[in-house]
Amino acid sequence: MSRVGFTTTIPVEILIAAGKIPVDLNNIFITSDRSGQLIEEAEVAGFPRNVCGWIKGIYATVLESGIGEMIAVTEGDCSYTKALMEVLSMAGIRVVPFAYPIDRNPQSLKAEMEKLMDHFGVGWPEVNSAKERLDAIRRKVREIDRLTWQENKVTGEENHYFQVCTSDFNSDPEAFEKAVDAFLGEAAARRSFGRQIRLAYLGVPPILSELYPFLETLGARVVLNETQRQFAMPYETTDIVEQYLRYTYPYDIFHRIADIQLEIAQRQVDGVIHYVQSFCFRQIEDMVIRKKLSLPILTLEGDKPARLDARTRIRLEGFVEMLADKQAMAED
């Protein structure tokens, strides 16, 4: 089976139905031991310093991995993707465009999916069958999420990992499901964590390492990973077009916020960390999030793969301390 890369979550059921191996290029990049070097290689090749680190990382990852075909999401993700397509096409990579309709029109989305299906030579019966198979795994990942916020038995980083992996199921759904099953068995037997500050993490997955474990040393835990949860397709639906319409990440900020508000209330969140990527248009959305959410918000910015720096650690310490003081005052 040949590997097909992609720049962000796409209807992966189409690739599975076509017998392809799905590869989320973001996951390959950020888990590489050479993630920092990959960005440097992209800059040596000509990428400007003030371009998103994820785009540079994806570029170098594609060339290093030997992937010959990829799906580029041209609407609903990064504004740099179209230029990335052109540069990779010059390097001999076959690039297939896919666009989430900005108006969330179901007919437009269905047409985009059918173009992708035509390209890979599959029809609706095979795609719907693949959806049933993947949904069985997604339900188990939703149970990991429930164990995180409801039973307090799963860490924020564990929650992040299993949800983010559902974008491509680690390129092997069967092996990934076995890993999920093993983790569920172990996590369900744990004792619940003690009293902690409950946080929501909003925005794209962090390019910075150590965030989750550092928060837990402060007595705080992430009980909602917004975008990662969306990768796992948290809404139960039999219609695959509806599934990718309800997936909030590619659409406007207001659909995202409506989902965030519901989850924050249900999960009894104390405060919000909003992560923004340097040189990304989504940084502007921080203004909307701050106006729409009533909870305390700390905005963090990351550029390249790195450990938490001293300034970020101090800001996190101060934020968690403030939330703890606020919680203590409410209980007096």
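Preceding this section is the structure that the text describes.
All of these numbers come straight from a predicted model, not from anything done at the bench.

(A) View of the layout of surface pockets. Taken as a whole, the largest pocket holds about 810 Å³ of empty space. In terms of lining residues, the largest pocket is bounded by 43 residues, among which Asn26, Asn27, Ile30, Trp54 and Pro205 are the most central. Here the lining of the largest pocket is composed, by residue class, of 23 nonpolar, 14 polar and six charged. Roughly 220 Å³ of internal volume is contained in the second largest pocket. In terms of lining, the second largest pocket is formed by 13 residues, of which the most central are Gly76, Ile102, Pro250, Tyr251 and Phe281. A class-by-class count of the residues in the lining of the second largest pocket yields seven nonpolar, one polar and five charged.

(B) Expanded view of the sheet that holds strand β3 (residues 69–75). Taken in spatial order, the four strands line up as β2-β1-β3-β4 in an open sheet, and their pairing is parallel. This sheet does not close on itself; its edge strands, each paired only once, are β2 (21–24) and β4 (94–99). This sheet shows a mean twist of 30° between the axes of neighbouring strands, independent of strand direction. Here four bridges tie strand β1 (residues 3–6) to β2, and the two strands are oriented parallel to one another. For Phe6, the partnering residue across the bridge sits in β2 and is Asp24. Against the sheet, helix α5 (residues 81–90) contacts β3 and β4, and its axis sits at roughly 155° relative to β3. Where helix α6 (residues 106–120) meets the sheet, its contacts fall on β1, β3 and β4, and the angle it forms with β4 comes to roughly 160°.

(C) Structural context of the nonpolar core. With 88 residues, the main nonpolar core has Ile71, Phe98, Leu109, Leu199 and Leu316 as its most contacted residues. Sequence-distant contacts of Ile71, that is, excluding residues within four places in its chain, are made with Val4, Gly5, Phe6, Thr7, Ile10, Leu15, Val96, Phe98, Leu116 and Phe120. Of all hydrophobic cores here, the second largest spans 14 residues; its members include Ile260, Ile264, Val269 and Leu293.

(D) Representation of the packing of aromatic side chains within the structure. Going through the model one piece at a time under the given rule, you end up with 14 aromatic pairs. Aromatic side chains Phe47 and Tyr59 sit 4.7 Å apart centroid to centroid with 50° between the ring planes, which places their arrangement in the tilted category. Note that Phe47 is positioned in the loop between α3 (35–45) and α4 (53–65) and Tyr59 in helix α4, a separation of 12 residues in sequence. Judged by its relative accessible area of 11%, Tyr59 falls in the buried class. With a centroid separation of 4.7 Å and an interplanar angle of 35°, the aromatic rings of Phe162 and Phe183 are classed as tilted. Of this pair, Phe162 sits in helix α8 (residues 156–164) while Phe183 sits in helix α9 (residues 173–188), placing them 21 residues apart in sequence. Across the pair, exposure class does not vary: Phe162 and Phe183 are buried alike. Taken together, the ring pairs connect Phe98, Tyr100, Phe231, Tyr244, Tyr247, Tyr249 and Tyr251 into an aromatic cluster.

(E) Representation of the side chain of Gln196 in the model. Within the secondary structure, Gln196 is located in the loop between α9 and β5 (197–202). A distance of 2.7 Å separates the side chain of Gln196 from the side chain of Arg221, its partner in a polar contact. For Gln196, the residues in contact, after removing those within four places along its chain, are Gly219, Arg221 and Asp270.

(F) Just the pairing of strand β7 (residues 220–225), in detail. Counting buried residues along β7, six of its six residues qualify, which places the element largely inside the surrounding structure. Where β5 lies against β7, five bridges are found, and the strand directions are parallel. Across the sheet, the residue bridging to Tyr201 is Asn225, located in β7.

(G) Fine view of the packing of α3 against α4. Their axes nearest at 8 Å, the elements α3 and α4 cross at an angle of 90°. In terms of their interaxial angle, α3 and α4 are classed as roughly perpendicular. Residue-level contacts link Leu38, Ile39, Glu41, Ala42, Glu43 and Ala45 of α3 to Gly53, Lys56, Gly57, Tyr59, Ala60, Thr61 and Glu64 of α4. Grouping the constituent residues of the contact of α3 with α4 by class yields six nonpolar, three polar and four charged.

(H) Here's a closer look at the environment of Tyr100. Relative to the assigned elements, Tyr100 resides in the loop between β4 and α6. In this structure the C-alpha to C-alpha distance between Tyr100 and Lys153, which are 53 residues apart in sequence, comes to 35 Å. Reaching out from Tyr100, the side chain makes a polar contact with the backbone oxygen of Thr9 at a distance of 2.8 Å.

(I) The arrangement of the sheet that holds β7 in detail. One open sheet accounts for four strands, arranged β7-β5-β8-β9; its pairing is parallel. Strands with a single pairing partner mark the edges of an open sheet, and in this sheet they are β7 and β9 (297–302). On average, each strand axis in the sheet is tilted by 30° relative to the strand beside it, whichever way the strands run.

(J) Main features of the packing of helix α7 (residues 124–149) against α9. Where α7 meets α9, the closest approach of the two axes is 10 Å, and the angle between their N-to-C directions is 25°. The orientation of α7 with respect to α9, classified from their angle, is roughly parallel. Seen from above, α7 lies across α9 with left-handed handedness. Between α7 and α9, the contacting residues are Arg133, Leu134, Ile137, Lys140, Val141, Glu143, Ile144 and Leu147 on the first element and Pro173, Glu174, Phe176, Glu177, Val180, Asp181, Phe183, Leu184, Ala187 and Ala188 on the second. Residue classes in the contact of α7 with α9 are distributed as 12 nonpolar, no polar and six charged.

Thresholds applied
- Residues numbered from 1 in each chain as written.
- Predicted model: local features only at pLDDT ≥ 70, side-chain atom pairs only at ≥ 80, totals over all residues.
- Heavy atoms only, no water.
- 1 Å grid on protein atoms, 1.4 Å probe; cavity = no way out; pocket = protein on both sides within 12 Å on 5 of 7 lines; lining within 4 Å.
- Points joined across faces, edges and corners; volume = space filled by probe spheres on them.
- Nonpolar A, V, L, I, M, F, W, Y, C, P; charged D, E, K, R; others polar.
- Pairing = 2+ DSSP bridges.
- Helix = DSSP H or I, 4+ residues; strand = E, 2+ residues; numbered from the N terminus.
- Axes fitted to C-alpha atoms, helices over the stretch in contact; angles between N-to-C directions.
- Contact = heavy atoms within 4.5 Å.
- Core = buried A, V, L, I, M, F, W, Y, C linked by side-chain atoms within 4.5 Å.
- Buried < 20%, exposed > 50% of the residue type's maximum accessible area, 1.4 Å probe, protein only.
- Phe/Tyr/Trp six-rings, centres within 6.5 Å; stacked < 30°, edge-to-face > 60°.
- Polar contact = N/O pair within 3.5 Å; in protein donor to acceptor, adjacent residues only side chain to side chain.
- Parallel < 35°, antiparallel > 145°, perpendicular 65-115°, else oblique.
- Left-handed = near helix turned anticlockwise from the far one by under 90°.

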